[in-house]
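# Tertiary structure, described
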Amino acid sequence: MPEPDVRRRALGGPGVLLVAVYAVLALAATGRSVLQITEYFDRAPLAYLLSALAAVVYVLATFCLARGGRWVRVGVAACAVELVGVVVVGAASYLVPGAFPDRTVWSHFGQGYGFVPLVLPVLGLLWFRRVDRAGRQADDVAVAAD
């Protein structure tokens with residue numbers, strides 16, 4: 001019988017696509033935030049630090065999706081932070097446009113990235129929910145078989 005962590009693998013089917021999209025977004029957000037912080041930090045420090053935070057969240061979510069198991073809960077938290085971040089920063093970028101002179105991954109609700117940052121955390125949360133439910137069902141079957 002596989003261990004509970006193995007049954008809660010986040011990969012498989014759409015999970016592979018989610019990992020790939022998260023990985024691409026993690027690379028893009030990391031690259032953009034490093035450039036903005038090293039070259040233009042004095043122009044909009046808060047916006048660029050939030051961009052770096054987004055990159056860290058994407059890297060963490062990618063890792064959690066790929067690992068599954070005990071990382072599902074951390075992944076859920078990462079996706080929740082991501083969703084709150086894109087909504088708050090997206091609204092702030094319209095309400096206080098001077099604070100966001102350049103686009104960041106979460107500004108304008110991810111418009112510069114085709115609004116993927118707005119949709120992705122919802123898909124991530126739904127996928128983690130599915131993985132967790134499947135793992136719990138497998139645990140219940142394993143317990144009943146014993």
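Look up a bit, the structure's there.
Rules behind the numbers
Residues numbered from 1 in each chain as written. Predicted model: local features only at pLDDT ≥ 70, side-chain atom pairs only at ≥ 80, totals over all residues. Heavy atoms only, no water. Axes fitted to C-alpha atoms, helices over the stretch in contact; angles between N-to-C directions. Helix = DSSP H or I, 4+ residues; strand = E, 2+ residues; numbered from the N terminus. Parallel < 35°, antiparallel > 145°, perpendicular 65-115°, else oblique. Left-handed = near helix turned anticlockwise from the far one by under 90°. Contact = heavy atoms within 4.5 Å. Nonpolar A, V, L, I, M, F, W, Y, C, P; charged D, E, K, R; others polar. Core = buried A, V, L, I, M, F, W, Y, C linked by side-chain atoms within 4.5 Å. Buried < 20%, exposed > 50% of the residue type's maximum accessible area, 1.4 Å probe, protein only. Salt bridge = Lys/Arg side-chain N within 4 Å of Asp/Glu carboxyl O. Expected span 1.5 Å × (residues − 1).

## Details of the packing of helix H2 (residues 14-40) against helix H3 (residues 45-67)
Orientation of H2 relative to H3, taken along the N-to-C sense of each, is 155°, at an axis distance of 8 Å. In terms of orientation, H2 lies roughly antiparallel with respect to H3. Crossing geometry of H2 relative to H3 is assigned as left-handed. Residues Leu18, Val19, Tyr22, Ala23, Leu25, Ala26, Ala29, Thr30, Ser33, Gln36, Ile37 and Tyr40 of H2 pack against Tyr48, Leu49, Ser51, Ala52, Ala55, Tyr58, Val59, Ala61, Thr62, Leu65 and Ala66 of H3. A per-class count over the contact of H2 with H3 returns 18 nonpolar, five polar and no charged.

## Description of the nonpolar core
Membership of the largest hydrophobic core comes to 29 residues, with the highest contact counts inside it found for Tyr22, Tyr58, Leu65, Val105 and Trp106. Where this core is concerned, the elements lending two or more residues are H2, H3, helix H4 (72-95) and helix H5 (116-145). For this core, the element with the most residues is H3, which contributes nine residues.

## Description of the side chain of Ser93
Relative to the elements of secondary structure, Ser93 occurs in helix H4. Setting aside residues no more than four positions away along its own chain, Ser93 makes contact with Phe100, Ser107 and His108.

## Topic: the pattern of salt bridges
Between side chains of opposite charge, pairing is possible as soon as their charged atoms come close. Taken as a whole and judged by the stated rule, the model has one salt bridge. Linking Arg43 and Asp102 is a salt bridge whose minimum nitrogen-to-oxygen distance equals 2.2 Å. With Arg43 in the loop between H2 and H3 and Asp102 in the loop between H4 and H5, this residue pair connects regions lying 59 residues apart in the sequence. Using a relative accessible area of 45% as the deciding quantity, one classes Arg43 as partly exposed. The partly exposed category is assigned to Asp102, whose relative accessible area is 22%.

## A word on H3
For H3, built from 23 residues, the straight-helix expectation of 33 Å at 1.5 Å per residue is met to within 8% by its first-to-last C-alpha distance of 33 Å. Of all the positions in H3, only Ala47, Tyr48, Ser51, Ala54, Ala55, Val57, Tyr58, Ala61, Thr62, Cys64 and Leu65 are classed as buried. Downstream of H3 by a residue or two, Gly68 has a phi angle that is positive, lying close to 65°.

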